[in-house]
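Listed below are the residues making up each chain.
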Amino acid sequence: MSIHENLLGGPPPTHLPDDPEPRELLASGAAPAEVAAKYPASSLAWAQLADEAFEAGRVVESYAYARTGYHRGLDALRRSGWKGHGPVPFEHEPNRGFLRALHALARAAQAIGEQEEYERCSTFLRDSSPTAANTLG
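Residues numbered from 1 in each chain as written. Predicted model: local features only at pLDDT ≥ 70, side-chain atom pairs only at ≥ 80, totals over all residues. Heavy atoms only, no water.

**What to know about the environment of Pro 40**
Here's step 1: Along the chain, Pro 40 falls in the loop between helix H2 (32-38) and helix H3 (43-55).
Here's step 2: Accessibility expressed as a relative area gives 36% for Pro 40, which makes it partly exposed.
Here's step 3: Distance from Pro 40 to Pro 22, taken between C-alpha atoms, is 9.6 Å for residues 18 residues apart in sequence.
Here's step 4: When near neighbours in sequence (up to four residues on either side) are disregarded, Pro 40 contacts Trp 46 and Arg 72. (Helix = DSSP H or I, 4+ residues; strand = E, 2+ residues; numbered from the N terminus. Buried < 20%, exposed > 50% of the residue type's maximum accessible area, 1.4 Å probe, protein only. Contact = heavy atoms within 4.5 Å.)

**A short note on the nonpolar core**
Here's step 1: Judged by nonpolar contacts, the single largest core of 24 residues is most densely connected at Tyr 70, Leu 74, Leu 77, Phe 98, Leu 99, Leu 102 and Phe 124.
Here's step 2: If you list the elements that add at least two residues to this core, you get helix H4 (59-79), helix H5 (96-111), helix H6 (115-128) and helix H7 (130-136).
Here's step 3: The leading source of residues in this core is H5, at 8 residues.
Here's step 4: For Tyr 70, the contacting residues outside a window of four places in its chain are Phe 98, Ala 101, Leu 102, Leu 105, Arg 120 and Phe 124.
Here's step 5: In terms of nonpolar packing, the next biggest core, distinct from the first, is built from 7 residues, Val 35, Ala 36, Leu 44 and Ala 45 among them. (Core = buried A, V, L, I, M, F, W, Y, C linked by side-chain atoms within 4.5 Å.)

**So, the packing of aromatic side chains**
Here's step 1: Within this structure, the stated rule accounts for 5 aromatic pairs.
Here's step 2: Considering the side-chain rings of Trp 82 and Phe 124, the 5.9 Å spacing of their centres and the 20 degrees angle between planes classify their relative orientation as stacked. Placement of Trp 82 in the loop between H4 and H5 and of Phe 124 in helix H6 is noted, with a sequence separation of 42 residues between them.
Here's step 3: Measuring from ring centre to ring centre gives 5.9 Å for Phe 98 and Phe 124, while their planes differ by 65 degrees; the resulting arrangement is edge-to-face. Here Phe 98 is found in helix H5, whereas its partner Phe 124 is found in helix H6, with 26 residues between them in sequence.
Here's step 4: Judged by its relative accessible area of 1%, Phe 98 falls in the buried class.
Here's step 5: Taken together through their ring pairs, the aromatic side chains of Tyr 70, Trp 82, Phe 98 and Phe 124 make up a single cluster.
Here's step 6: One residue, Arg 107, lies across the ring of Phe 54, its end atom 4.3 Å from the ring centre. (Phe/Tyr/Trp six-rings, centres within 6.5 Å; stacked < 30°, edge-to-face > 60°. Lys NZ or Arg CZ within 6 Å of the ring centre and 35° of its normal.)

**Looking at the packing of H5 against H6**
Here's step 1: As a packed pair, H5 and H6 sit with axes 8 Å apart at the nearest point and diverge in direction by 155 degrees. With respect to their mutual orientation, H5 and H6 come out roughly antiparallel. Once H5 is placed against H6, the crossing between them reads as left-handed. Across the interface between the two elements, Phe 98, Leu 99, Leu 102, His 103, Leu 105, Ala 106, Ala 109 and Gln 110 from H5 touch Glu 117, Tyr 118, Cys 121, Ser 122, Phe 124, Leu 125 and Ser 128 from H6.
Here's step 2: Classifying every residue of the contact of H5 with H6 gives 10 nonpolar, 4 polar and 1 charged. (Axes fitted to C-alpha atoms, helices over the stretch in contact; angles between N-to-C directions. Parallel < 35°, antiparallel > 145°, perpendicular 65-115°, else oblique. Left-handed = near helix turned anticlockwise from the far one by under 90°. Nonpolar A, V, L, I, M, F, W, Y, C, P; charged D, E, K, R; others polar.)

Quick look at the structure:
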């Protein structure tokens, strides 16, 4: 028996394909808006835009960026075989953009008083990746 075998019989973890270009551009200091314009399917670029907007007090803008990254991530997850539930491990670096966008969406929803959306996104994050929920806050 493999140590990574799912003993509960749930779906296997979803691992998004690697898309290193946007990640490398962001790591090198490129502006997230430029990266999002060049790679609009990159949840990571949208998540970084959401984080910057939130830190600057532009909560509604952060919400919009996070929602874009979240939906782009859902599209990518579905293309990777995800059926609407199951693990999306934070340990797999290409998954982090989606998980960061989901966290940013929960955070912004809470900040604007959208409690149901905050709870839904927080639960989704925890269910997808307890590590992400603990790491991202």
